Each structure stands twice: as C-alpha cells, then as structure tokens.
Protein chains: 2
Amino acid sequence: MGKEGFKEEYRLRVELFQKRLKEKELEGALIFQPADLFYLAGTSPEGHLFVPPEGEPRLLVYGEVERAQEEAVWNPVVPISSFKEIPLSLADWGFKGLKRLGTEMDIISLKLFSRYQALFPDCQWEDISPDLRTLRMVKSASELEAIRYSASQHAKVFQYIREHIRPGMTELEIAVEVETYARRLGHQGRVRFRGQEQGLPIGVVAAGPNGACGIGVPWTIGGRGLSGLYPMGASTRRWETGEPLLVDYAGVYGDYLVDQTRVYFAGQVDRILERAQAVAYEIACSLAEAARPGTTAGELYALAVKQARQAGLADYFMGWDRKAGFVGHGVGLELNEWPVLAPGQETVLEPGMVLAIEPKFVFPGQGAVGVEDTYLVTQEGAKPLTQG
Amino acid sequence: MGKEGFKEEYRLRVELFQKRLKEKELEGALIFQPADLFYLAGTSPEGHLFVPPEGEPRLLVYGEVERAQEEAVWNPVVPISSFKEIPLSLADWGFKGLKRLGTEMDIISLKLFSRYQALFPDCQWEDISPDLRTLRMVKSASELEAIRYSASQHAKVFQYIREHIRPGMTELEIAVEVETYARRLGHQGRVRFRGQEQGLPIGVVAAGPNGACGIGVPWTIGGRGLSGLYPMGASTRRWETGEPLLVDYAGVYGDYLVDQTRVYFAGQVDRILERAQAVAYEIACSLAEAARPGTTAGELYALAVKQARQAGLADYFMGWDRKAGFVGHGVGLELNEWPVLAPGQETVLEPGMVLAIEPKFVFPGQGAVGVEDTYLVTQEGAKPLTQG
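Because the structure is predicted, anything quoted here is derived from the model rather than measured.

Draft legend 1. Representation of the overall build of chain A. What chain A contains, in helices and strands, is 10 helices and 16 strands. A globule of 388 residues ought to have a C-alpha radius of gyration of about 21 Å, and chain A, at 22 Å, matches this closely. In terms of its C-alpha atoms, chain A occupies a principal-axis envelope of roughly 70 × 40 × 40 Å. Considering chain A as a whole, with its 388 residues, one finds that 63% of them fall into the buried category. A sequence separation of at least 24 residues applies to 66% of the contacts in chain A between residues at least 6 apart. As displayed, chain A has an accessible area near 14,300 Å², and 51% of this comes from carbon and sulfur atoms. Taking the average place of the 41 positive charges on the side chains of chain A and the average place of its 51 negative ones, the gap between the two points comes to 1 Å.

Draft legend 2. Region of interest: the domain arrangement of chain A. All names here are of chain A. Assigned domains within chain A: domain 1 (3-136) and domain 2 (138-384). Taking only C-alpha atoms into account, the centre of domain 1 sits 33 Å from that of domain 2. Facing the 17 residues of domain 1 at the interface are 15 residues of domain 2. Overall, the association of domain 1 and domain 2 removes approximately 1,400 Å² of surface from exposure, summing both partners, and the carbon and sulfur fraction of that is 44%. The three residues of domain 1 that bury the most area against domain 2 are Phe38, Arg133 and Arg136, which together make up 47% of that side's buried surface. Across the contact surface, domain 1 and domain 2 share four salt bridges. Across the salt bridge formed by Asp106 and Arg194, the nearest N and O atoms sit 2.8 Å from each other. For the pair domain 1 and domain 2, the interface holds 11 residue pairs in polar contact (both at pLDDT 80 or more). Put simply, the parts of the chain that give the side of domain 1 that touches domain 2 at least two residues each are helix 1 (3-23), helix 2 (34-41) and helix 6 (129-137). With six residues, the top contributor of residues to the side of domain 1 that touches domain 2 is helix 6.

Draft legend 3. Geometry of the relation of the copies chain B and chain A. Superposing chain B onto chain A takes a rotation of 180 degrees combined with a translation of 0.0 Å along the rotation axis, leaving an RMSD of 0.0 Å. One copy is carried onto the other by what is essentially a two-fold rotation axis. Of all interface residues in chain B, 100% are interface residues in chain A too; the two copies therefore contact each other through one and the same surface.

Draft legend 4. How the structure looks around the side chain of A:Arg262. All names here are of chain A. If you trace the backbone, Arg262 turns up in strand 9 (residues 257-265). At 3.1 Å, the side chain of Arg262 forms a polar contact with the backbone oxygen of Glu372. Polar contacts involving the side chain of Arg262 include one to the main-chain carbonyl oxygen of Gly388, which spans 2.6 Å. Setting aside residues no more than four positions away along its own chain, Arg262 makes contact with Phe158, Leu245, Leu246, Val247, Tyr281, Val371, Glu372, Asp373, Gln387 and Gly388.

Draft legend 5. A look at the packing of helix 9 (residues 271-290) of chain A against helix 10 (residues 297-310) of chain A. Residues and elements named next belong to chain A. For the pair helix 9 and helix 10, interaxial distance at closest approach is 10 Å and the crossing angle is 150 degrees. Classified by the angle between their axes, helix 9 and helix 10 sit roughly antiparallel to one another. Crossing handedness for the pair helix 9 and helix 10: right-handed. Contact residues: Glu282, Ile283, Ser286, Leu287 and Ala290 in helix 9; Leu300, Leu303, Ala304, Gln307 and Ala308 in helix 10. Classifying every residue of the contact of helix 9 with helix 10 by side-chain character gives seven nonpolar, two polar and one charged.

Draft legend 6. Looking closely at the sheet that holds strand 15 (residues 373-378) of chain B. Residues and elements named next belong to chain B. Spatially, 11-10-12-15-16 is the arrangement adopted by the five strands of the open sheet, whose pairing is antiparallel. A single partner strand is all that each edge strand has here, and the edge strands are strand 11 (337-340) and strand 16 (381-384). In this sheet, neighbouring strand axes are inclined to one another by 35 degrees on average, regardless of whether the strands run parallel or antiparallel. Bridge count for strand 10 (residues 328-330) against strand 11 is two bridges, and the pairing is antiparallel. Within the sheet, the bridge partner assigned to Gly330 lies in strand 11 and is Glu337. On the sheet, helix 9 (residues 271-290) packs against strand 12 (354-357), strand 15 and strand 16 and is oriented at approximately 125 degrees with respect to strand 16.

Draft legend 7. Examining the UniProt feature "domain: Creatinase N-terminal" (unreviewed entry) in chain A more closely. The feature "domain: Creatinase N-terminal" (unreviewed entry), as annotated in UniProt, sits at residues 13-138 of chain A in this numbering. Overall, residues 13-138 of chain A shows 41% helix and 19% strand. The separation of its end C-alpha atoms is 11 Å.

Draft legend 8. Examining the sheet that holds strand 16 (residues 381-384) of chain A more closely. Residue and element names in this part refer to chain A. Sheet architecture is open: five strands sit in the order 11-10-12-15-16, paired in antiparallel fashion. Each edge of the open sheet carries a strand with a single partner, namely strand 11 (337-340) and strand 16. Adjacent strand axes in the sheet meet at a mean angle of 35 degrees, parallel and antiparallel pairs treated alike. The pairing of strand 12 (residues 354-357) with strand 15 (residues 373-378) spans four bridges and is antiparallel. Along strand 15, the bridge assignment pairs Ile357 with Asp373. The sheet contacts of helix 6 involve strand 11 and strand 12, and relative to strand 11 the element is tilted by about 85 degrees. The strands that helix 9 touches are strand 12, strand 15 and strand 16; relative to strand 16, the one it contacts most, it runs at about 125 degrees.

Draft legend 9. Region of the structure containing the environment of A:Pro34. All names here are of chain A. Mapped onto the elements of the fold, Pro34 is located in helix 2. By relative accessible area, Pro34 is classed as partly exposed at 24%. Linking Pro34 and Asp315, residues 281 residues apart in sequence, is a C-alpha distance of 39 Å.

Draft legend 10. Local environment of the packing of aromatic side chains. Counted under the stated rule, the structure contains 18 aromatic pairs over all chains. Considering the side-chain rings of A:Phe113 and A:Trp125, the 6.2 Å spacing of their centres and the 70 degrees angle between planes classify their relative orientation as edge-to-face. Here the residue A:Phe113 occupies a position in helix 5 (residues 110-119), and A:Trp125 occupies one in strand 6 (residues 124-127), the gap between them amounting to 12 residues. On the basis of relative accessibility, which here comes to 7%, the residue A:Phe113 falls in the buried class. An aromatic cluster is built from A:Phe113, A:Tyr116, A:Phe120 and A:Trp125, whose rings are joined through pairwise contacts. Lying across the ring of B:Tyr10, B:Arg13 places its NZ or CZ 4.4 Å from the centre. Over the ring of A:Tyr230 we find B:Arg192; its NZ or CZ atom is 5.5 Å from the centre of that ring.

Draft legend 11. Quick peek at the pattern of salt bridges. Residues and elements named next belong to chain A. In the structure shown here, the tally under the stated rule is 50 salt bridges over all chains. A salt bridge links Lys7 to Glu56, with the shortest nitrogen-to-oxygen separation between them at 3.9 Å. Of the two residues, Lys7 sits in helix 1 while Glu56 sits in the loop between strand 2 (47-51) and strand 3 (58-62), which places them 49 residues apart along the sequence. Residue classification places Lys7 among the partly exposed residues on the basis of a relative accessible area of 25%. Across the pair Lys24 and Asp131 runs a salt bridge whose closest N-O atoms are separated by 2.6 Å. You can see Lys24 sitting in the loop between helix 1 and strand 1 (29-31) and its partner Asp131 sitting in helix 6, a full 107 residues away along the chain. Salt bridges sharing common partners tie together Asp36, Asp106, Arg136, Lys139, Arg194, Glu334 and Glu337.

Thresholds applied
Residues numbered from 1 in each chain as written. Chains lettered and ligands numbered in written order. Predicted model: local features only at pLDDT ≥ 70, side-chain atom pairs only at ≥ 80, totals over all residues. Heavy atoms only, no water. Helix = DSSP H or I, 4+ residues; strand = E, 2+ residues; numbered from the N terminus. Rg over C-alpha atoms; globule rule 2.2 N^0.38 Å. Buried < 20%, exposed > 50% of the residue type's maximum accessible area, 1.4 Å probe, protein only. Contact = heavy atoms within 4.5 Å. Areas by Shrake-Rupley, 256 points an atom, 1.4 Å probe, with all protein chains shown as cover. Lys, Arg positive; Asp, Glu negative; His and termini not counted. Charge placed at Lys NZ, Arg CZ, Asp CG, Glu CD. Domains from an automatic or database assignment. Buried area = accessible area lost by both parts, 1.4 Å probe. Salt bridge = Lys/Arg side-chain N within 4 Å of Asp/Glu carboxyl O. Polar contact = N/O pair within 3.5 Å; in protein donor to acceptor, adjacent residues only side chain to side chain. Least-squares fit on C-alpha atoms with pLDDT ≥ 70 in both. Axes fitted to C-alpha atoms, helices over the stretch in contact; angles between N-to-C directions. Parallel < 35°, antiparallel > 145°, perpendicular 65-115°, else oblique. Left-handed = near helix turned anticlockwise from the far one by under 90°. Nonpolar A, V, L, I, M, F, W, Y, C, P; charged D, E, K, R; others polar. Pairing = 2+ DSSP bridges. UniProt positions renumbered as here; feature names shortened; annotations may be inferred. Phe/Tyr/Trp six-rings, centres within 6.5 Å; stacked < 30°, edge-to-face > 60°. Lys NZ or Arg CZ within 6 Å of the ring centre and 35° of its normal.

The following block contains the structure:
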C-alpha cells in the first residue's frame, strides 16, 4: 500500500468514527489509549488525539514530536508540555466552550478523567470506546495482511515447539525455548491488552495440574507463574509422563497479533483428557463452520456449550470452579478485542472479523486440554489463519 | 524466615498502614492493586483486601480461592462472584454504613471507582496510595534479601552481556541474547509498573542515535522499538563502530526487582560522549556518597544537575528536548516506587530505602550514555547492590 492508500485508509477509519460522534451529538472525542491512537492516527505517543465531528484530527504530543510526526497520518503534530495546554490548543482551532465530548471511559483512570473534567468544566463526557471497539472489529485488507504475517511467523514457533519439547523439561525451560525462538522472529516480547492488567505474560506453559491452578485474572488457564506477584505463566514444574502440556501464546510480530494454543500429551494421559481434547477439536470445527455473517457471538458460545454438554463434559468446559465465561474473542491490535463469544452477546458476525476460538476443558488436579486458533470470518465460515 | 516471622512482618506492615488510616479518620481501606495486595497480604489475586483501622485484614477473591488461600497471610480467604458482594461481606463482619474509606486513587480506573461509589453511596473516598507508597519505601530485611538475590542474578546477566555483544549485532539480536540468558536465570520476562502503561518492555537496547529517539513515555531513554504500537525497546538497527550502546534492564527474579544500565562503546566514540560517560559515573558516585539519612530526594537531584552544569553538559542531562525530570527512583515490587529523585522532592532519605540512581546524557543524533545502579541507603551513604 502506497503512502496515499495508507492515508486513505486512516481517513476512512476517522470518517466512520466521526459518523458515530455525530449520531451521539458529540463535539469531538479526546483519545489517549495507545491502541486507539495507533488505529486512528498511525502512531502511539504519550498524548491526545482530538477528533472533531468533521475534518482532520489533531494530535497533541508531550514534548518531542519528531518521532510522532514521522509516523502520524495527521500533521503537523502539536507539541504540548502539560495537560493545561489541551483546551488552549483546541480553542486555537476554533473548538471553544465544549459541552459534549467523548473519551475512552472503559479504561480511563480516575486521575486522567478528573483532569479532563477540570480542564473542561462545563463538559459532559460520553464513552466512545464501544464505537471504536466496534469499528476495530472488522479488519481492512492491510490489517489482514499484518495479521497473516503474525500467523505465519507464529506457525514457525509452534513447529519449533513440536520439535523441541520433551517430558522432563520444566515449564520455564519450555517457555524460554519458545520465547527465544519467537523473539528471533521479531516477536515484541509483550502484548497489548485493553485495561489495567500489567502482569500479563505473552504466553502460558502449563504442565499437568498447573493447567487447573487458580489465577489472578478470570481466564480459563493462566498457569502457575514463578511467584506470588507474577501468578501467571510458566513455573519451574516439570512436564511429567502421563500429563498434558498446554502452550498458549500470543503472536505479536509487528503491530497486529494472533492467539494460538496447542496441547501436547506426554505418553498416555487419562482417557477423559484424551476424549476432551478430541471434543475440543470438534467444537472448534463446529464453531468455525457456524461463524458466518449473520450469526451472533452469543450463538457461537451457546453452540459450544451444547456440544460440551452432549459430550458430558459441561462441568469442565472453559474452567471448573470459576469459568472464563467465553469461548473466544476478537484479536487485532489488542488481545482482548471485540466480539467476545460469550452468553447472550448479540454482536452479529461480519466478513473481515478476526476471532480467536478457544474451546478448552479444565480438570482439577489433572490439567487443561483444548485448542485455540485465530480465524478470519468469511461468507463460507471462519477460515483458520494460525497453523501448526 | 519461618512462617511465624513471615506473618509477623505482614502484621507490622498492616499495623503501620492502620496507623495512617486512623490518622486520616478512615473506617477502612479497599485495596485492589496487585503490588499493594501482595505487600499487605502476600498474594495478588483478582480481588479486594479490606483493611479495617484495627484487627486483621480480610481478603475477598473472585471465584477459586485455593491458590490465594495457600499464599495469603490473612485467612480464611472469602470467595466472591461479583462486586455486589463486597458490601455484604463487610456488613457480615460488622462494617456497615461506611462513610469514609480509602483506596488507591492514583491508579484506580474510573470504571472501578464508579462501581465503588455505587456500592457505598454515602461514602467519601480518600487516596491512601501516598501512605502505602511511603510505607513501601523502606525495605525490611526479608525484602532486602529478595532484592539482593535479584541483584546477584542480574550481575550474571551483565557479565554475559559484556562477553557476548559485538558491533554489527542488531539491537534485537542483543536483546534476545540478554533476555534468553535472564529468563534461564528465572527472570519473570515482565516488570510491574504502577499505572496504566502496558507497552513496557523489560529493558531497552539502544544503539547510537536510537538512544535519543522520541518515545511513548516520559523517560530519558526508551529506544526505538520494533513498530508503531510498540515504540520502546530494541529495534532491528545494527550497533556500528563509533557508537555507544545503552543497555537498561529491570532485573525481576522473584517478586522484587533491581534496575541497571550499562553503556558500551564500539571503538572510538565522539569525545563528548566519552566525557559525558565519565561525568555520569562521577555524578553517580557523588549521589551515592550524598544519599545519607536526612538528605532529601530533591537535594540529590539538585546535586546531579549542579555537577552536569559544572561539566558544561546540563543541556544533555536526562534528555535533551523533553527531559525525564528525575535522576533516580525507588525500586522494589514495582519499577517506579518512591522516592523520586526529582526537583523539590522533600522526601527525607532513611536507611533501608532502595534507589536506582541513573545519571544519563542524551545527545540528539548521537545517542545516550550514562550508568544506572540500584543502591541501598545506609548511614554511610548509598551502597550499590547491582554489579557488573
């Protein structure tokens, strides 16, 4: 894509967002979150993007603007040195006495919001995150190209895993092998997640019972981690014969990511694990087949639960005591994008959505099994992007 | 330390915190942040710790409690399934009609705070983060033991770096070498940072001009990173002869961390860089010597600036256009602990504080030089914990 095509894509994104601003009768939006900034402006500096209901957005950046200027779609980038300059800059552009603004209310800190309120004392604030997250669900051709690249790099990692793991290795030894190989392929070594979680590992390696141990956040499988303040990810436990090994990694090569999980058995594992693993694959196939335009996210979840129940495994589906409450999620710039494949979710699938579908079963004392791939929604169902 | 000593230490932490709650006439505090939870309860699940002004704290955890129960100092841990159960549980313990509560207002999200307000409609909220951060500044014997362990592991990493880097390698190749070796030694592969930053790498490798490129957060040196949404850390740029290479890594082996930076020269670098590097070491020595009980954090910063000015290098000290605004910071469970060695900071140093002191100079177009070590404040000044 040439420079003009690049700008055209961002112009379209902004116009679709502006349509929502107008419907909500907002006088503009102040965007601060890195992934949202990147989506609307092509760069993610510490700063604020003001999106008026019409016309080009303006990017305010703290201090040095050189880097942001280089990357940003909307120029010139305006340097500011403190919060107080935000309303002054907006006034310079003709935006004065603002009464209705939007921002990312789902993730804004109380501190930043209080500052916004003090800066715009007469302003009423609306949450524009649902609008942005909805826009971001459907990926463009260039976004899909980036996601396909991450998928192809991540496929090499999972091939490497298959060839290099063996029972007797510790989870940490396996994690180091995986992460080193992935980093050599350009993996960022971290992953963007919407919200306050900072303790997030880029992946989980969970051997045997560690696939079922309690975790710090409400996901199916978080692993045991190395210590109390880092209670997720690999531990120093060995993968023993007779145990499943769950390997779940986000693949972040560039700005876009994929999510993938594979489970490996060391020798003969308990029959129920083997059966659950087969059922997980069946559920994944059914969901991919059913994930057509017009289907809702909630219907996919219901279908997964129905199959788990028919297999007599509903109690173990997506966790045992505390269940994850979803069987998949959108991915793109962040790991937890929309839609969420969860009970009652009415989001209707559209071509171009990218979904991680991850049916898993958790057996207390024994471990976790299942599978996760990242798929592209098409007219003919969801097509897997991840492999290996 | 035996189990009783362990509990005794936590009891002391809680009692000191409770003293502050009583001074502020609070009826209790609701703690949610992982590092604060870990500091006061020994575990960091998704949940809330209620600390009354007197008596034992109570830990409320979402869903599975097994893991939290195992780690927590305060038992029994109470399982909850939603926010709404918080006031009910507190009422069960006799805490009803609460009018004045504390929480971590520096970092709480608007969303969580709004939920708290809805749950306790008659309650006035106070920020207790300054109290907790102040308490956490002075480390106990067991905390120092953990920090010394991280320092000794990190020393091995920096020895490895010295032996394995050479001009011509890319920043990413160097980062992979460093991170792989560190992970093999038990490095968590991530670092706890107070606040909303999730794009944080565990370290920066910056060759030549990349030491001076713009970054996403207001630190001295962030590196260029691999792409727009991950604008910090190593890039694919090669370290060329005649250039400085800055390597700055947090060392997180267990729950406690150290922070360390070294700069390496490939052959002969520009005179001014060489001189600035020598001045940085002189400043570090002076600050360590001056960091005695009774000195303030602001005085240390002023001393550093004075020496930079005397050397004629003030313009480049701690950044060039946008300066970091500090020359050091506390470390412990998080990378950005108190005190901050910044202008006017009145925090008085005490024995047992652990400080990263990091005088650095940034030359646009040329790169960054400097040094960083983690020190323990003693009666005889600050003693380095990191080495190599």
